[in-house]
Amino acid sequence: MVTIEIDGQSVQLEDGEPILRGAEKLGIRIPTLCSHPWLEPSGACRVCSVEIIRRGKSRIVTACNYPASDGLVVKTASESALAVRRMVLEMQLARCSHVPVIQELAREYGIEKSRFGEGTETCILCGLCVRVCEELVQANALCFAERGTERFVSTPFGVEADENSCIACGACVSVCPTDHVSLEDHAQRPGEPQDFYLGPKTAINLPFQQAVPKVPWIDPVACIKLQTGGCGVCAQVCEPGAIDYEQQDEEFEVEVGQILVTTGYQPFETKAMAQYGYGRLDNVITALEFEHMLNSTGPTGGKVVCKGGETPRAIGIVHCVGSRDENQHRYCSRVCCMYALKFAHLVAERTDAEVYQFYIDMRAYGKGYEEFYSRVLQEGTTVIRGKVAEVVPALGNGSREGHMVIRCEDTLVGKFREIPVDMLVLCNALEPHQDSGNVANIFSLSRSPDGFFLERHPKLDPVGTMTDGVYIAGTCQSPKDIPDTVAQAQAAAARILALIGKGEVLIDPVRAAVNEQNCSGCRMCNALCPYQAITFNEEDSVSEVNQTLCKGCGTCVAACPAGAIAGSGFTDDQILTELEAILV
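Residues numbered from 1 in each chain as written. Predicted model: local features only at pLDDT ≥ 70, side-chain atom pairs only at ≥ 80, totals over all residues. Heavy atoms only, no water.

Asks: Just checking my understanding: could you explain the environment of Ser541 for this structure?
Replies: Examined against the element boundaries, Ser541 turns out to sit in the loop between strand 23 (534-537) and strand 24 (542-545). Residue classification places Ser541 among the partly exposed positions, given a relative accessible area of 38%. Taking the C-alpha atoms as reference, Ser541 lies 9.1 Å from Glu516; in sequence the two are 25 residues apart. Ser541 has contacts with Gly521 and Phe536, leaving out every residue within four places of it along the chain. (Helix = DSSP H or I, 4+ residues; strand = E, 2+ residues; numbered from the N terminus. Buried < 20%, exposed > 50% of the residue type's maximum accessible area, 1.4 Å probe, protein only. Contact = heavy atoms within 4.5 Å.)

Structure follows, in structure tokens:
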């Protein structure tokens, strides 16, 4: 360890550690535009210039890469150091006069305008993007081209980066101090799950905040280490050493006695209703995207802003996008009305924007819901009963970029209306997952006409299914809100625990039975059984019934051409005997 003095304060550093780290420990700010903890410092921008005194001699050095040595004296705000910074910033301002970070630093040092003119460049040639791509990512998709004043950042040989070089990791974007580098295309990567995009995402994240176990996972498509072999920063900073890049996906087979199916739902694809302009007009977003924006951990920190960063003056919220629609889904999604009202309440709390709600019928059916609806109305939200016909860009004087007009019919007053808004939120429907048919086949589940899993009985057994030991809960059974989902999940768990507590399973006595002497081995019953309870014995060439799986539906009994299958307690001899007893 060595001891140095910075602005009269002593600090200990590792021998060779840069002066900038010592200033950070003391809370002394030294501006820099080219230093990043991921990379070795280079002193390219020279904004971090400081004065050092060693052995009675003074000189100007860059704090980000000058090594500390015992007895070194550093002055960060001396006249000579400040003069160098002003000159550097004045030259940067002449090159990049419209870059906010340069403008802010220049004003901090009393520079309003550069003596060397004004430039329209946005790159200060700090080299961070090139170095992070080469040293950390190891993709080598960026480089410097030309020399001197003609120098600029380019791709190797001036050829547009392809998928073999640039992996769209965004590392260059994250280190660029002037926002010169940007990701222009946020298209979904191959193999990436369907999701909405509303800001930067990292390769390491939690599946969701309430995940159990709450363990982060690495997205192999987005991870630089797994793509190029570079980076590895997460393993360096993980104190428990829990990062293992060699792990592979594994499949496990687990024998269980009961299954609870809670596959959830997927949001309706809003682009299917082109009249609302989703994907075509800026500031038209879905409810999930708006929820993400309102979240304090979201991309905007909970602020309601338009694409350009300005606060909207008016926001429209459209109910029933894809639900209660003869052309899409006829059923009601149940949750749209209340979370739309919640959006209006949060917008009123955080902005002065006017909120317009476009609804078909307001369904505030739960405990305290009607009172909340009244509260939102008292806060100034305007509700318009009627479906939105279309959303179009605003034309004419006074309109600004992104301004839209909502065309709708107000059925309460019988008039056609046009409402100007800056942002539009679409409350899209809840619909079954695309693969729900495959899941239904795996677990022998029935589905209702709308595609959701069908319960055994809507009133007497809302969590059971026609397959014993398989239960359903949540939105895989039908659209429902969080309280109803939790209640149904607890009911299903109670059913499972009750069966486990008994230790034995009671089955109905009515079951199919095969008379092996009459069975011809045609296997017709095997294909017809809806419960897959009949298998074929290859050794004896006869069909056999699994008494646990069989429900006694009688399908196999009616279809057997040889009459070899009969229901227990309902054989021909038993029925004839009953008839004889009645007649006699």
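Asks: I'm lost on the domain arrangement of the protein in this one. Help?
Replies: Frequently, the measure chosen for interface size is the accessible area removed from exposure when the parts meet. In terms of domain boundaries, the protein breaks down into domain 1 (2-108), domain 2 (128-175), domain 3 (255-504) and domain 4 (512-583). Placing a centre on the C-alpha atoms of domain 2 and another on those of domain 3 gives a separation of 42 Å. (Domains from an automatic or database assignment.)

Asks: Hey, could you run me through the layout of surface pockets in this one?
Replies: Think of a ball as big as a water molecule: rolled over the atoms, this probe shows where empty space is left. Approximately 1,100 Å³ is the volume attributed to the second largest pocket. Sort the elements by how many residues they give to the lining of the second largest pocket and helix 12 (residues 482-502) lands first, with four residues. When the residues that make up the lining of the second largest pocket are grouped by side-chain class, the tally is 15 nonpolar, nine polar and nine charged. Here the lining of the second largest pocket spans two domains, since at least three of its residues come from each of domain 3 (255-504) and domain 4 (512-583). (1 Å grid on protein atoms, 1.4 Å probe; cavity = no way out; pocket = protein on both sides within 12 Å on 5 of 7 lines; lining within 4 Å. Points joined across faces, edges and corners; volume = space filled by probe spheres on them. Nonpolar A, V, L, I, M, F, W, Y, C, P; charged D, E, K, R; others polar.)

Asks: Looking at this structure, I do not really get empty space enclosed by the protein. What am I missing?
Replies: Per the counting criterion, the structure on display carries six cavities of 30 Å³ or more. Taken as a whole, the largest cavity holds about 90 Å³ of empty space. Along the wall of the largest cavity there are 14 residues; nearest its centre are Cys519, Cys522, Cys525, Cys560 and Ile565. Across the lining of the largest cavity, the residue classes tally to 10 nonpolar, three polar and one charged. Put simply, the second largest cavity is a space of about 80 Å³. Surrounding the second largest cavity, 14 residues form its lining, Cys529, Ile534, Cys550, Cys553 and Cys556 being those nearest its centre.

Asks: Which parts of the structure should I look at to understand the sheet that holds strand 5 (residues 73-75)?
Replies: Pairing between sheet strands relies on hydrogen bonds along the backbone, with the strands arranged either parallel or antiparallel. Reading across the sheet, the five strands line up as 2-1-5-3-4 and stay open at both edges, with mixed pairing between neighbours. Each edge of the sheet is formed by a strand with only one pairing partner; in this case those strands are strand 2 (9-13) and strand 4 (57-62). Between one strand axis and the next, the sheet turns through 30 degrees on average, direction left out of account. With five bridges joining them, strand 1 (residues 2-6) and strand 2 adopt antiparallel strand pairing. Bridging from a neighbouring strand, Ile4 pairs with Val11 of strand 2. On top of the sheet, helix 1 (residues 19-26) reaches strand 1, strand 2, strand 3 (49-54), strand 4 and strand 5; it is set at about 120 degrees to strand 2, its chief contact. The strands touched by helix 2 (residues 79-95) are strand 3, strand 4 and strand 5; relative to strand 3, the strand with the most contacts, the crossing angle is about 150 degrees. (Pairing = 2+ DSSP bridges. Axes fitted to C-alpha atoms, helices over the stretch in contact; angles between N-to-C directions.)

Asks: Please clarify how the pairing of strand 3 should be interpreted in this entry.
Replies: The side chains of a regular strand alternate between the sheet's two faces. Here strand 3 runs beside strand 4; their pairing, made up of six bridges, is antiparallel. Across the sheet, the residue bridging to Arg54 is Lys57, located in strand 4. What sits between strand 3 and strand 4 in their antiparallel hairpin is a turn of two residues, with Arg55 showing a positive phi close to 55 degrees. Alignment of strand 3 against strand 5, held across three bridges, turns out to be antiparallel. What sits directly across from Ile53, in strand 5, is Val73.

Asks: Teacher, can you tell me more about unusual backbone geometry here?
Replies: For residues besides glycine, phi is generally negative; the peptide bonds are generally trans as well. Cis geometry marks the peptide bond from Val212 to Pro213; its omega dihedral reads 0 degrees. A positive phi angle, near 60 degrees, is found at Gln138, a position not held by glycine. Within the secondary structure, Gln138 sits in the loop between helix 4 (128-136) and strand 6 (143-145). For Gln138, a relative accessible area of 43% gives the class partly exposed. Look at Arg523: it is not a glycine, yet its phi comes out positive at around 65 degrees. With respect to the element layout, Arg523 can be found in the loop between strand 22 (512-514) and helix 13 (524-528).

Asks: I tried to follow the side chain of Asn283 on my own but got confused; where do I start?
Replies: Relative to the assigned elements, Asn283 resides in the loop between strand 11 (266-267) and strand 12 (284-286). Judged by relative accessible area, Asn283 falls into the buried class, the value being 12%. In this structure the side chain of Asn283 is engaged in a polar contact, spanning 2.7 Å, whose partner is the backbone nitrogen of Lys307. (Polar contact = N/O pair within 3.5 Å; in protein donor to acceptor, adjacent residues only side chain to side chain.)

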